[in-house]
Amino acid sequence: MTDFVDLDATFKCNTCKSCFATTEKIKEHYRGEWHILNSKRRANGLFPLKRSEFKAISKEGSGSRKSTQGSVMGEKAPDAVEISKSETIVEEGENAEEAGPAEVVITEEAEPEPPVIAANISIFDDKEFATTDECVQYMAETFGFFIPDVEFLVDLEGLLVYLGEKVKLGGYCLYCQKLFVPGKPCQNHMVSKSHCKLRYENGIDGEEFEDFYDFSSSYEDMEDVEFDEDGNVIEGGMTIASTGEMVLADGRILGHRDFRQYYKQYYRPQDTREPILAQQREELLRLGGKYGGLKFNAEEVDQLEDMQVMTMLVKYHKDIRRGQIVEQRSQQKKDFRNQRLEYNNKNQKARTSEITTQKIRDYHGMLK
């Protein structure tokens with residue numbers, strides 16, 4: 001006879017698809033070999049064994065438990081029968097007495113239907129809208145979702161469908177690119193971590209969206225550059241320099257990224273005002289007369305080019321700075337030697353005073 005029990009009033013084991021009436025029975029079930037074996041089968045994607053199947057296998061392989069477990073783990077249940085969740089079956093006869101009156105066996109549920117993916121369905125909570133624009137606006141206001149470079153986007157619906165498939169079928173987060181269980185688990189991760197956005201970076205996910213964008217309108221300023229059907233540059237009206245820089249037909253140069261650190265450098269332009277140039281020549285004469293080494297007189301200095309005057313001034317300033325550093329180091333060494341001598345003199349005087357005092361004490365001791 002088949003008995004029916006209230007499933008809501010029992011304790012369920014989702015691994016073995018069984019129900020128990022009391023806490024003690026389900027705890028005892030968790031410690032049993034039947035539950036342990038079904039746990040290993042579940043980890044390998046196999047169907048759970050019924051109690052009758054488990055007992056039959058245990059009797060056949062009682063001599064070698066290890067080989068029995070290997071055979072059970074490698075084979076699926078051959079006589080698995082699909083039963084709806086509303087039906088509850090209790091094994092009759094000997095099995096029913098051992099299992100107890102409250103033990104039931106429930107088969108697995110049917111596979112869920114595939115998610116519906118469309119441009120007017122929200123990617124993050126499956127909410128459906130009348131139009132695609134309403135869906136995009138809802139995702140932007142609710143989840144902070146936005147589409148980068150929207151002015152160059154040519155296929156909005158295709159992009160939304162692709163993103164929906166990536167989340168609901170592939171299980172990939174749109175931002176961190178981590179893999180989750182497709183559907184709700186992936187959606188919950190993006191909502192909780194504020195990952196409801198596109199990474200949109202080259203080398204990560206930028207190449208995935210090339211089919212939905214058209215950046216040809218951004219090349220209008222480059223009139224001398226021609227492109228083929230695939231969007232590659234045609235080198236007809238320009239040349240490539242030996243340094244890798246691109247020289248356009250009108251003489252303009254497009255720098256290479258390897259030299260960006262040099263492009264960012266700033267050089268102070270030369271001051272060509274007459275008072276400044278005259279002051280530089282006077283400074284050159286003064287330094288030459290003070291430190292020597294100048295082979296020109298005032299008239300010859302006036303005839304020198306401005307660049308030569310600047311070069312000689314820089315050289316004099318470097319020599320002066322080098323001499324100052326040498327002088328500072330020499331003074332430091334001299335001060336160190338003086339401190340050392342002073343320290344040694346103090347120690348010598350102290351030792352001399354101690355020796356004299358000891359001699360006086362010895363003399364008075366002899367008199368006594």
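Just above sits the structure.
Note that the structure is predicted; figures quoted are calculated from it, not measured.

Conventions and cut-offs
- Residues numbered from 1 in each chain as written.
- Predicted model: local features only at pLDDT ≥ 70, side-chain atom pairs only at ≥ 80, totals over all residues.
- Heavy atoms only, no water.
- Helix = DSSP H or I, 4+ residues; strand = E, 2+ residues; numbered from the N terminus.
- Buried < 20%, exposed > 50% of the residue type's maximum accessible area, 1.4 Å probe, protein only.
- Contact = heavy atoms within 4.5 Å.
- Areas by Shrake-Rupley, 256 points an atom, 1.4 Å probe, with all protein chains shown as cover.
- Core = buried A, V, L, I, M, F, W, Y, C linked by side-chain atoms within 4.5 Å.
- Salt bridge = Lys/Arg side-chain N within 4 Å of Asp/Glu carboxyl O.
- Arc of directions from axis to C-beta.
- Axes fitted to C-alpha atoms, helices over the stretch in contact; angles between N-to-C directions.
- Parallel < 35°, antiparallel > 145°, perpendicular 65-115°, else oblique.
- Left-handed = near helix turned anticlockwise from the far one by under 90°.
- Nonpolar A, V, L, I, M, F, W, Y, C, P; charged D, E, K, R; others polar.
- Polar contact = N/O pair within 3.5 Å; in protein donor to acceptor, adjacent residues only side chain to side chain.

(A) Structural context of the overall build of the protein chain. A tally of helices and strands in the protein chain yields twelve helices and eight strands. A buried classification covers 26% of the 368 residues belonging to the protein chain. Nonlocal contacts in the protein chain, meaning residues at least 24 apart in sequence, comprise 47% of its contacts between residues at least 6 apart. About 26700 Å² of surface is accessible on the protein chain, with carbon and sulfur atoms providing 51% of the total.

(B) Structural detail: the nonpolar core. Residues F124, M139, F145, L159, L163, M190 and Y213 are the most contacted members of the largest nonpolar core, which totals 26 residues. In this structure L159 touches I147, L153, F209, F212 and Y213, once residues within four positions along its chain are discounted.

(C) Examining the pattern of salt bridges more closely. Overall, the coordinates contain six salt bridges when judged by the stated rule. Of the charged contacts in the structure, one is a salt bridge between D126 and K168, with a shortest N-O distance of 2.9 Å. Of this pair, D126 sits in the loop between β3 (104-105) and α6 (132-143) while K168 sits in helix α7 (residues 156-170), placing them 42 residues apart in sequence. Residue classification places K168 among the buried positions, given a relative accessible area of 5%. The shortest N-O distance in the salt bridge between K346 and E342 comes to 3.9 Å. Placement of the pair is K346 and E342 together in helix α12 (residues 306-367), with a separation of four residues, close to one helical turn. For E342, a relative accessible area of 47% gives the class partly exposed.

(D) Here's a closer look at helix α2 (residues 33-43). Among the residues of α2, W34, H35, L37, N38 and R41 are the ones counted as buried. Buried residues of α2 fall within an arc of 160 degrees about the axis and therefore sit on the same side. Of the residues flanking the end of α2, it is G45, one or two places downstream, whose phi is positive at about 80 degrees.

(E) View of the packing of α6 against α7. Following both chains from N to C, one finds α6 and α7 inclined at 55 degrees, their axes separated by 11 Å at the closest point. Relative to α7, the element α6 lies oblique. Where α6 crosses over α7, the handedness of that crossing is left-handed. Each of T132, D133, V136 and M139 in α6 lies in contact with α7, whose residues at this interface are L156, E157 and L160. Grouping the amino acids of the contact of α6 with α7 by side-chain chemistry returns four nonpolar, one polar and two charged.

(F) Geometry of the side chain of N120. Its place among the elements puts N120 in the loop between β3 and α6. Of note is the side chain of N120, whose polar atom sits 2.8 Å from the backbone oxygen of F129. Those residues in contact with N120 that sit more than four places away from it in its chain are K127, E128, F129, A130, T131, T132 and C135.

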